[in-house]
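# An overview of the molecular structure
The primary structure of each chain is shown beneath.
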Amino acid sequence: MKYVGWLAIIPFIGMFLGPVCHNAVTPFLLGMPFLLGWTVIWVLLTAAIMALVYRLDPHRRGDDVEDAP
Amino acid sequence: MIVALILIGLSAAGALAIGIQARSGHEMGLEQWTVGGRGFGQALVFLLLAGEIYTTFSFLGASGYAYGLGAPAYYILAYGTLAYIVSYFMLPPVWRYARRHGLVSQPDFFAHKYGSQALGVLVALVGVVALVPYLVLQFTGLGIIVQAASYGAIPKAVSVIIGAAVVTLYVVISGVRGSAWTSIVKDALIILVAVFIGLYLPIHFYGGITPMFAAVAAAKPNFLAFAATGKSVSWFVSTVMLTALGFFMWPHSFGACYTARDANVFRKNAILLPLYQLVLLFVFFVGFTASLVVPGLKGAATNMALLKICVAAFPPWVVGIIGAAGVLTALVPGSLIMMCAATLFSRNFLAVMRPGQSDAETVRLAKYLVPVIAVIGAYFAISGSSTIVALLLMGYSFVTQLFPALVCSLLRRNPVTAPGAFAGICVGVGTVIYFTLENQTIGKLAPGAPEFVRDLNIGTVALLLNFVVMVAVSAVTARALAAAGSAAE
């Protein structure tokens, strides 16, 4: 799972796609104006994606503690 | 009015007490004062980094920006989220390198990585320059809170001076441990206050959040989407990119990462912090509600939006609690910023200029510098007339110029040379200074350019020039160094 880090690009694309493709007030998302709702959805998805990246990350184990002087 | 001021005074006194409490049992040497002896676990590092989310900027700045401009405020929610993704990959190697070499500041990192004292000094100066508007915005916020809580009885200049004096006192006695512990109180209080007023005000005035937005959309049809020119989608994308990359280039955030006990702290934080900052939504709700309920504030006065609607809607003791939360949001980050600017100047500028300066002298000099920095910050806060968000964006334009050289230094084979990094940062910062002082925009420089180019944040343009110069100078100097190396053989 060496390339799992590339998943982290998805939120960058997602966050910008809404305003670029549909710069409008309606339809409301989650009871908020479209772009605000879109941003909130991507904040939630980002946390989920980063949790997945963390779970699959090979760097996570071991490399940090033994580096201590 | 008296009730509100008493509550605010109590919160400042409480913060000072926590600061004194936190330092007990720890000898305040350079490493202890600035990086807490590198012994902070998940929770404290989380709080120290999360503390960056809830500053005066997010509390008064975000609500004011939503009030004054509408949709452009959304950028605040977007950039933090993306910044934590960057931190997931960037901070662990930075932390590991800093720990191995016993570094305590951001310029240390650049100087050590590139083997160049001069680069360290440049990075320190860029850091200090960028921190000034950040500090000014915290003082501006403090001034507004004192002013609003006294219902106008205490004028702006006096309010700012009171705020600056409290922060200065706090820094001198507390250090980074005090800031981390006060962060707990601050974040708890600010979350409670933000969620409460963010739900109460729209429900009280419009019967709910969706009806409130519907009312805003009806009253101001284009307010909740991006404009076609100016603060357009292009402005949004470039500003979010600039600020997401720059987020951990702030010398105090960069330095805060040295406090961690291990590197996994940052990876876990990257999952939690995006959720943690969602509380900003409630601050937006307040700003949008205020835009209909208390209209008429313009320019820098939009900073007052949140407090103005609270004064209109709540009794003085509630205003006092809101003000107390606001004071803490300025006090903790303000103290970190001042401590950081003082340490940078003392350790990475003065100590380089006068070799042989001991660590004890460095700490002493840094503590003498704190009041000097406070006076500078207070002066600009009293004389300036910018919105809080504009001040922060100016700071970001500066610090993000450090990003290209930093990221390249993390590569296994760094193609960038010290002169390349130096030249790139100079060009980037020079570009920002030119655009800021001349009040220029791309739109004015190149009126014929397509709209999406005209609206780019100038910081991103500077970043591009910075990168090009860095690569070009690196290529030339690397060849010269190689030639000198082979000639010597």
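Residues numbered from 1 in each chain as written. Chains lettered and ligands numbered in written order. Predicted model: local features only at pLDDT ≥ 70, side-chain atom pairs only at ≥ 80, totals over all residues.

Moving on to the overall build of chain B. Looking only at helices and strands, chain B features 22 helices and 0 strands. In summary, chain B has a C-alpha radius of gyration of 22 Å against a globular reference of 23 Å for 489 residues, a match within 12%. Long-range contacts, defined as pairs at least 24 residues apart, comprise 84% of the intrachain contacts of chain B with a sequence gap of at least 6. (Helix = DSSP H or I, 4+ residues; strand = E, 2+ residues; numbered from the N terminus. Rg over C-alpha atoms; globule rule 2.2 N^0.38 Å. Contact = placed C-beta atoms within 7 Å.)

Let us now look at the overall build of chain A. Summing up its helical and strand segments, chain A has 2 helices and 0 strands in all. A total of 69 residues make up chain A; the buried ones form 30% of that total. Long-range pairs, those at least 24 residues apart, make up 54% of the contacts in chain A between residues at least 6 apart in sequence. (Buried ≥ 20, exposed ≤ 12 C-beta atoms within 10 Å, placed from the backbone.)

Bringing the interface of chain B and chain A into the picture now. If you look at the interface, chain B gives 33 residues, while chain A gives 31 residues. Of all elements in the fold, only helix H5 (75–100), helix H9 (209–219), helix H10 (233–246) and helix H12 (264–276) of chain B reach the threshold of two or more residues within the side of chain B that touches chain A. In terms of residues, the side of chain B that touches chain A owes the most to one element, H5 of chain B, which gives 11 residues. Looking at side-chain class alone, the side of chain B that touches chain A contains 25 nonpolar, 3 polar and 5 charged residues. (Nonpolar A, V, L, I, M, F, W, Y, C, P; charged D, E, K, R; others polar.)

Bringing the nonpolar core into the picture now. Across soluble globular proteins, nonpolar side chains have a tendency to be buried as a group. All names here are of chain B. Counting residues in hydrophobic clusters, the biggest one holds 190 residues, and the most contacted among them are Leu 82, Leu 331, Met 338 and Ala 341. Shared between two domains, this core holds at least three residues of each, these being domain 1 (2–400) and domain 2 (415–489). Sequence-distant contacts of Leu 331, that is, excluding residues within four places in its chain, are made with Ala 12, Ala 15, Val 166, Val 167 and Tyr 170. (Core = buried A, V, L, I, M, F, W, Y, C linked by C-beta atoms within 7 Å. Domains from an automatic or database assignment.)

This next bit is on the packing of helix H4 (residues 56–69) of chain B against helix H13 (residues 280–293) of chain B. All names here are of chain B. Where H4 meets H13, the axes come as close as 7 Å, and the angle between the chain directions of the two elements is 45°. In terms of orientation, H4 and H13 fall into the oblique class. The handedness of the crossing between H4 and H13 comes out as right-handed. Listed contacts from H13 to Ser 58, Phe 59, Ala 62, Ser 63, Gly 64, Ala 66 and Tyr 67 of H4 are Leu 280, Val 283, Phe 284, Val 286, Gly 287, Phe 288, Ala 290 and Ser 291. (Axes fitted to C-alpha atoms, helices over the stretch in contact; angles between N-to-C directions. Parallel < 35°, antiparallel > 145°, perpendicular 65-115°, else oblique. Left-handed = near helix turned anticlockwise from the far one by under 90°.)

All names here are of chain A. A cis geometry characterises the amide bond from Thr 26 onward to Pro 27, with omega recorded as -5°. Looking at where Pro 27 falls in the secondary structure, it is placed in the loop between helix H1 (9–21) and helix H2 (34–56). Even without being a glycine, Leu 30 presents a positive backbone phi close to 50°. In this fold, Leu 30 is placed in the loop between H1 and H2. On the basis of neighbour counts, which here come to 15 C-beta atoms within 10 Å, the residue Leu 30 falls in the partly exposed class.

In this section: H5 of chain B. Residues and elements named next belong to chain B. With 26 residues, H5 ought to run about 38 Å at 1.5 Å a step, and its terminal C-alpha atoms sit 36 Å apart, in line with that. Considering bend angle alone, the principal kink of H5 is centred on Ser 87 and spans about 40°. With 21 of 26 residues buried, H5 lies mostly within the body of the structure. Just downstream of H5 lies Gly 102, where phi reads positive at about 60°. (Expected span 1.5 Å × (residues − 1). Bend = angle between axes of the 7 residues up to and from the residue.)

Residues and elements named next belong to chain B. Positionally, Phe 422 belongs in helix H19 (residues 418–437). It is 8.6 Å that separates the C-alpha atoms of Phe 422 and Ala 405, two residues lying 17 residues apart in sequence. When residues no more than four places from it in sequence are discounted, the contact partners of Phe 422 are Ala 118, Leu 119 and Leu 122.

This paragraph deals with the environment of Leu 103 of chain B. Residues and elements named next belong to chain B. In this structure, Leu 103 sits in the loop between H5 and helix H6 (106–114). A count of 21 C-beta atoms within 10 Å places Leu 103 in the buried class. For the pair formed by Leu 103 and Val 160, sequence separation is 57 residues and the distance between their alpha carbons is 34 Å. Apart from the residues lying within four places of it in its own chain, the contact partners of Leu 103 are Ala 98, Asp 108, Phe 109, His 112 and Tyr 258.

Another aspect to go through is the packing of H2 of chain A against H5 of chain B. At their nearest, the axes of H2 of chain A and H5 of chain B sit 9 Å apart, and the two run at 15° to each other. As far as their axial angle goes, H5 of chain B and H2 of chain A are roughly parallel. Where H2 of chain A crosses over H5 of chain B, the two elements pack in a sense that is left-handed. On the side of H2 of chain A, the interface is formed by Thr 39, Val 43, Thr 46 and Met 50 of chain A, while H5 of chain B contributes Leu 77, Ala 78, Thr 81, Ile 85 and Tyr 88 of chain B. Among the residues forming the contact of H2 of chain A with H5 of chain B, the class breakdown is 6 nonpolar, 3 polar and no charged.

What follows deals with the domain arrangement of chain B. Residue and element names in this part refer to chain B. Segmenting chain B into domains produces domain 1 (2–400) and domain 2 (415–489). Once you take the C-alpha centre of each, domain 1 and domain 2 turn out to be 29 Å apart. Tallying the contact residues gives 21 residues for domain 1 and 17 residues for domain 2. Listing elements by their share of the side of domain 1 that touches domain 2, those giving two or more residues are helix H7 (117–149), H10 and helix H17 (388–399). It is H10 that contributes the most residues to the side of domain 1 that touches domain 2, 6 residues altogether. Among the residues making up the side of domain 1 that touches domain 2, the classes are represented as 11 nonpolar, 10 polar and no charged.

The next subject is the confidence of the model for chain A. Per-residue pLDDT for chain A averages 81, and the proportion of residues at 70 or more is 83%. Contacts for the low-pLDDT stretch residues 64–69 of chain A, under 50 throughout, to residues beyond four places or in other chains number 10 contacts. (pLDDT = per-residue confidence, 0-100.)

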